[in-house]
Amino acid sequence: MSIALILNSGRAEEWKAEINKHLPEIKVEVYPQIENYDEIEFALCWKPEEDYYAHFPNLKVIQSAGAGIDHLFPKSIPAHIRTCRIVDPMLKSDMFEHVLTCLMHSMKNFSAYATDKAKKHWEPLVYKSIAQTSVTILGLGEIGGYVAERLVQLGFKVNGWSSSPKSLQGVNAFTGIGGLGSAVENTDFIVNVLPLTDSTRGILNHELFNLCAKGTVLVNVGRGEHLVEEHLLAAIARKQIAHAYLDVFHQEPLPVDHPFWNCSAIFITPHVASRTNIGSSVMQVVDNYSRMAAGRPLLNEVSLEKGY
Ligand code: GLV
């Protein structure tokens, strides 16, 4: 029995060293340098190519190297293969810190002051305090729920929206497509942390932007495919959306000729809001390998049907 690392992230050697520290007797191979494909029962994957699992006739477990599983082609994974994701406190706190940075950057007008500095222009602007600011979090799962609760603790007014009902202390929670309008109307910020599924793809669209108050700010730290990019550019042009903080894109890296690069109302980060911390996540990968070998229930197994 051995482990395959199918990682399009350039972090394979780091993962291999960490896994081997805890499982020194297990062969860990980096795809496509696999000696015997029949021996692989467990694969740690990040953005593999389509049909990757078909190379491994005895594969039992696919472990995502991140919180999401959308990059694993979940709809085509055969039913006998079980799929797990990473749930790690670091992923949650890093996401919270990234979101908080976007909110504060916008509330305190730092972008306008950067533009003013270039022009040597001095103009104090009205700023917002935390107590005056409302934030709607789309997605109240492990990460979104944590971000929502931390923002409540800081004193923000927080709405949350999720496909199934969720109850979180201090969060004004809405559910289902019917609740989406109420969740996003009259809010200062919309923060998307949803998993990417058939029902959430394209959710950040024209219709949603029209439900928001004029001048709402968008933070997308979910997936690029949640956003209809042309709809955002149109909403920014008519100031329906004041600006957007985007960490994820349809195509990553963002192509050099993409219109987002030249839109001053869009702030771009290169999918860094919350990166898997190998040191703090490796034990759940190791644990899942041992659980698989012992026929015990896996940690953080996902539903391929639901997509998360
Ligand atoms: C990052 O995008 C992840 O899914 O962990």
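Residues numbered from 1 in each chain as written. Predicted model: local features only at pLDDT ≥ 70, side-chain atom pairs only at ≥ 80, totals over all residues. Heavy atoms only, no water.

Here's the deal with the site of the ligand
Taken together, Trp46, Gly66, Ala67, Gly68, Arg223 and His271 form the complete shell of residues around the ligand. Measuring from an oxygen atom of the ligand, one finds a backbone N or O atom of Ala67 at 2.7 Å. A distance of 2.8 Å separates an oxygen atom of the ligand from a polar atom in the backbone of Gly68. Protein chains shield 88% of the accessible area of the ligand, which is 200 Å² for the free molecule. Residue composition of the shell around the ligand, by class: 2 nonpolar, 3 polar and 1 charged. (Near = heavy atom within 4 Å. Polar contact = N/O pair within 3.5 Å; in protein donor to acceptor, adjacent residues only side chain to side chain. Areas by Shrake-Rupley, 256 points an atom, 1.4 Å probe, with all protein chains shown as cover. Nonpolar A, V, L, I, M, F, W, Y, C, P; charged D, E, K, R; others polar.)

Focus on the packing of helix 2 (residues 89–107) against helix 4 (residues 142–154)
At a closest axis distance of 9 Å, the pairing of helix 2 and helix 4 adopts a crossing angle of 55°. Taken together, the axis directions place helix 2 and helix 4 in an arrangement best described as oblique. As for how helix 2 packs across helix 4, the hand of that crossing is right-handed. In contact with Leu91, Lys92, Ser93, Met95, Phe96, Val99, Leu100 and Leu103 of helix 2, helix 4 contributes Glu142, Ile143, Tyr146, Val147, Arg150, Leu151 and Leu154. Of the residues belonging to the contact of helix 2 with helix 4, the class tally is 11 nonpolar, 1 polar and 3 charged. (Axes fitted to C-alpha atoms, helices over the stretch in contact; angles between N-to-C directions. Helix = DSSP H or I, 4+ residues; strand = E, 2+ residues; numbered from the N terminus. Parallel < 35°, antiparallel > 145°, perpendicular 65-115°, else oblique. Left-handed = near helix turned anticlockwise from the far one by under 90°. Contact = heavy atoms within 4.5 Å.)

A closer look at the pattern of salt bridges
Side chains that carry opposite charge are capable of pairing whenever their charged atoms lie near each other. Taken as a whole and assessed by the stated rule, the structure comprises 12 salt bridges. One salt bridge in this structure joins Asp198 and Lys75, with 2.9 Å as the shortest N-O distance. Placement of the pair is Asp198 in the loop between strand 9 (189–192) and helix 6 (206–211) and Lys75 in the loop between strand 4 (61–64) and strand 5 (82–84), with a sequence separation of 123 residues. In this pair, the class of Asp198 matches that of Lys75, namely exposed. Taken together, the shared-partner salt bridges in this structure form one network comprising Lys27, Glu35 and Glu39. (Salt bridge = Lys/Arg side-chain N within 4 Å of Asp/Glu carboxyl O. Buried < 20%, exposed > 50% of the residue type's maximum accessible area, 1.4 Å probe, protein only.)

Some points on the nonpolar core
Grouped together as the largest cluster of nonpolar side chains are 51 residues, with contacts concentrated most on Trp15, Ile19, Ile137 and Leu151. If you tally residues by element for this core, the top one is helix 2, at 8 residues. If we ignore the near neighbours within four places in the chain, the residues touching Ile19 are Ile3, Leu5, Val28, Leu44, Val282, Val285 and Val286. Grouped together as the second largest cluster of nonpolar side chains are 27 residues, Leu180, Cys212, Leu227 and Phe260 included. (Core = buried A, V, L, I, M, F, W, Y, C linked by side-chain atoms within 4.5 Å.)

Some thoughts on the side chain of Ser281
Here Ser281 is to be found in helix 8 (residues 278–294). Those residues in contact with Ser281 that lie beyond four places of it in its chain are Trp15, Ile86, Asp88 and Thr276.

Notes on the packing of aromatic side chains
The description of an aromatic ring pair rests on the distance of the ring centres and on the angle between the ring planes. In this structure the tally under the stated criterion is 7 aromatic pairs. Members of the aromatic cluster, connected to one another through ring pairs, are Tyr31, Tyr37 and Phe56. (Phe/Tyr/Trp six-rings, centres within 6.5 Å; stacked < 30°, edge-to-face > 60°.)

So, the domain arrangement of the chain
Size of an interface: often given as the accessible area lost when the parts come together. Examined at the domain level, the chain breaks down into domain 1 (2–88 + 276–294) and domain 2 (90–268). On a C-alpha basis, the centroid separation for the pair domain 1 and domain 2 is 32 Å. With 14 residues of domain 1 at the contact, the number on the domain 2 side is 9 residues. Together domain 1 and domain 2 conceal approximately 890 Å² of surface at their shared face, both sides included; 52% is due to carbon and sulfur atoms. (Domains from an automatic or database assignment. Buried area = accessible area lost by both parts, 1.4 Å probe.)

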